[in-house]
Amino acid sequence: VQLVESGGGLVQAGGSLRLSCAASGRTFGDHVMGWFRQAPGKEREFACGITWNGGVSYYGDSVKGRFTISRDNAKNTVYLQMNSLRPEDTAVYYCAATRSYRAYISPLVGDYDHWGQGTQVTVSS
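Quick notes on the rules
- Residues numbered from 1 in each chain as written.
- Predicted model: local features only at pLDDT ≥ 70, side-chain atom pairs only at ≥ 80, totals over all residues.
- Heavy atoms only, no water.
- Disulfide = S-S within 2.5 Å.
- Helix = DSSP H or I, 4+ residues; strand = E, 2+ residues; numbered from the N terminus.
- Buried < 20%, exposed > 50% of the residue type's maximum accessible area, 1.4 Å probe, protein only.
- Contact = heavy atoms within 4.5 Å.
- Pairing = 2+ DSSP bridges.
- Axes fitted to C-alpha atoms, helices over the stretch in contact; angles between N-to-C directions.

Visitor: Tell me about the state of the cysteines, residues and numbers included.
Guide: Counted under the stated rule, the structure contains 1 disulfide. The structure places no disulfide on Cys 48, whose sulfur is separated from the nearest cysteine sulfur, that of Cys 95, by 9.9 Å.

Visitor: Help me get a handle on the side chain of Ser 20, residues and values and all.
Guide: Positionally, Ser 20 belongs in strand β3 (residues 17-23). For Ser 20, a relative accessible area of 18% translates into the label buried. The contacts of Ser 20, once residues within four sequence positions are left out, are Val 4, Glu 5, Ser 6, Trp 35, Thr 77, Val 78 and Tyr 79.

Visitor: Account for the sheet that holds strand β1 (residues 3-6), with residues named and values stated.
Guide: Sheet architecture is open: 4 strands sit in the order β1-β3-β8-β7, paired in antiparallel fashion. If you trace the sheet from one side to the other, it starts and ends with β1 and β7 (67-72), each paired once. Sheet twist, expressed as the average angle between the axes of neighbouring strands with direction ignored, equals 15 degrees. Pairing of β7 with strand β8 (residues 77-82) involves 6 bridges; the strand directions are antiparallel. Residue pairing in the sheet places Arg 71 in a bridge with Val 78 of β8.

Below is the structure:
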């Protein structure tokens with residue numbers, strides 16, 4: 001699976017952005033998908049994930065209630081709707097995929113096999 005993120009940019013605090021991650025390959029529907037982020041000088045952090053059929057999603061505490069992950073298996077795409085953005089949300093956002101699990105959403109970087117190149121999100125105060 002190859003992953004390509006898009007939709008990043010510059011937004012003011014309180015604003016919204018929607019990220020997309022387009023996947024190649026026929027096995028997209030077999031993968032748990034995750035969004036991670038990495039701010040300068042910090043470790044990559046789990047933001048959220050979604051099971052293979054979109055039935056279950058899981059969010060990190062820092063984004064819970066503000067971000068929403070969704071997927072469209074017919075379009076081989078996963079989305080991240082980000083609302084009420086804060087300056088501390090500034091980071092490079094990465095899409096990731098794993099087929100090690102289908103119904104378990106791991107928050108661990110090492111559990112994901114495929115990664116996109118990342119898209120920059122900058123939130124100004």
